[in-house]
Amino acid sequence: MKILVPVKRVVDYNVKVRVKSDNSGVELSGVKMSINPFDEIAVEEAVRLREAGKATEVIAVSCGGAASQETLRTALAMGADRAILVEADVELQPLAVAKLLRAVAEREQPRMVICGKQAIDDDANQTGQMLAALLGWSQATFASRLLVDGDAGIQVTREVDGGLEMVAVKLPAVVSADLRLNEPRYASLPNIMKAKKKPLDIVTAAELGVDVTPRLRHTHYAEPPARKGGIKVADVSELVRKLCDEAKAI
């Protein structure tokens, strides 16, 4: 079974995101970038399935500029077998990414796509669901556990508002990884060196025949308002009074 794993280059989760002075977007100049944490979990799960003999090949794919090669090399260092970069010189919105991934999936013919449930830059949580719809495949979102039942189907434990939900899904399928699916491994130095020699193919959106023209226009970016400092109360009775009077007014 071949597994396709989409990965996205995002601002590192340890970096404090800043808005540009003209409010036209997020400041990316000189900012550390890394693989989206949920995508990292997806890569780890795919590699584990291959190591367990449930999968034969893991292919990492990223959509974006040439700098995304660095993100793909990280996935290769974690254990992916090869990588594909779909180059595009415009802002890629979720629907465009889903269409690009569909084109790649139709070329590669994987039995499963494992992706992160969302990217930490826009938190859209749309691409996996859109991809499943475009391909006409089964889907299981927010996976916290994944069991492969031969080449016919998978069992997925999902995290939902009411707790956990277990679903049986037929292959081919799209699965989106949640935070508790696994703990990604650190790429060792030997594997980082090996990743440099693994194949990384580059195609363009035009070669895939996909129109990636943005359909949404962002007009303004702003940082959230600063939180006001808290206050101390003398006793419980004063706390109750403030909750009753001042909190109601808010």
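Residues numbered from 1 in each chain as written. Predicted model: local features only at pLDDT ≥ 70, side-chain atom pairs only at ≥ 80, totals over all residues. Heavy atoms only, no water.

Novice: Describe the environment of Asp-121, listing the residues and the values that go with them.
Specialist: In this fold, Asp-121 is placed in the loop between β6 (112–116) and α4 (127–135). Its relative accessible area of 44% is what places Asp-121 among the partly exposed residues. Taking the C-alpha atoms as reference points, Asp-121 and Tyr-13, 108 residues apart in sequence, are found 9.1 Å from one another. Apart from residues no more than four positions distant in its own chain, Asp-121 is found in contact with Lys-8 and Val-10. At a separation of 3.0 Å, a polar atom in the side chain of Asp-121 contacts the side chain of Lys-8. (Helix = DSSP H or I, 4+ residues; strand = E, 2+ residues; numbered from the N terminus. Buried < 20%, exposed > 50% of the residue type's maximum accessible area, 1.4 Å probe, protein only. Contact = heavy atoms within 4.5 Å. Polar contact = N/O pair within 3.5 Å; in protein donor to acceptor, adjacent residues only side chain to side chain.)

Novice: Pulling in residues and values, what's your account of the sheet that holds strand β7 (residues 138–149)?
Specialist: Taken in spatial order, the nine strands make up an open sheet running β9-β8-β7-β10-β6-β1-β4-β5-β11, and their pairing is mixed. Single-partner strands in this sheet number two, and they are β9 (163–170) and β11 (200–204). Across the sheet, the mean angle from the axis of one strand to that of its neighbour is 35°, orientation sign disregarded. Note that strand β5 (residues 82–87) and β11 share five bridges and pair parallel. Across the sheet, the residue bridging to Ile-84 is Asp-201, located in β11. Taken strand by strand, helix α3 (residues 94–108) contacts β1 (2–6), β4 (57–64), β5 and β11, and its axis lies near 145° from that of β4. (Pairing = 2+ DSSP bridges. Axes fitted to C-alpha atoms, helices over the stretch in contact; angles between N-to-C directions.)

Novice: Could you give an account of the side chain of Asn-182, naming the residues involved and the relevant values?
Specialist: Within the fold, Asn-182 resides in the loop between β10 (173–177) and α5 (189–195). For Asn-182, a relative accessible area of 10% translates into the label buried. Of the polar contacts made by the side chain of Asn-182, one reaches the backbone oxygen of Ile-41; its length is 3.1 Å. Side chain to side chain, Asn-182 and Glu-45 meet in a polar contact 2.9 Å long. What Asn-182 contacts, discounting residues up to four positions off in sequence, is Ile-41, Glu-44, Glu-45 and Arg-48.

Novice: Account for a nonpolar patch on the surface, with residues named and values stated.
Specialist: On the surface, Ile-231, Val-233, Leu-239 and Leu-243 cluster together to form a nonpolar patch covering roughly 360 Å² of accessible area. With respect to the helices, strands and loops of the structure, Leu-239 is situated in helix α6 (residues 236–249). (Patch = residues over 30% accessible without salt bridge, like charges linked within 9 Å, V, L, I, M, F, W, Y side chains within 5 Å. Areas by Shrake-Rupley, 256 points an atom, 1.4 Å probe, with all protein chains shown as cover. Salt bridge = Lys/Arg side-chain N within 4 Å of Asp/Glu carboxyl O.)

Novice: Pulling in residues and values, what's your account of the pattern of salt bridges?
Specialist: Taken as a whole and judged by the stated rule, the model has twelve salt bridges. Two residues, Glu-57 and Arg-82, come together in a salt bridge whose shortest N-O distance is 2.6 Å. Linking Glu-57 in strand β4 with Arg-82 in strand β5, this pair joins segments that are 25 residues apart in sequence. Accessibility assignment for this pair places Glu-57 and Arg-82 in one class, buried. One salt bridge connects Arg-158 with Glu-165, and the closest N-O pair in it is separated by 2.5 Å. You can call Glu-165 partly exposed: its relative accessible area is 34%. Several salt bridges share partner residues, and in doing so they unite Lys-2, Glu-57, Arg-82 and Glu-108 into one network.

Novice: So what's going on with the pairing of β10? Residues and values would help.
Specialist: Across the five residues that make up β10, a large majority, five, are buried. Burial of β10 is two-sided: the residues Ala-173, Val-175 and Ala-177 facing one way and the residues Val-174 and Ser-176 facing the other way are all buried. Direction of pairing for β6 relative to β10: parallel, over a ladder of five bridges. Pairing of Met-112 across the sheet is with Ala-173, part of β10. Looking at chain direction, β7 and β10 are connected through four bridges and run parallel. Its bridge partner lying in β10, Ala-140 is registered against Val-175.

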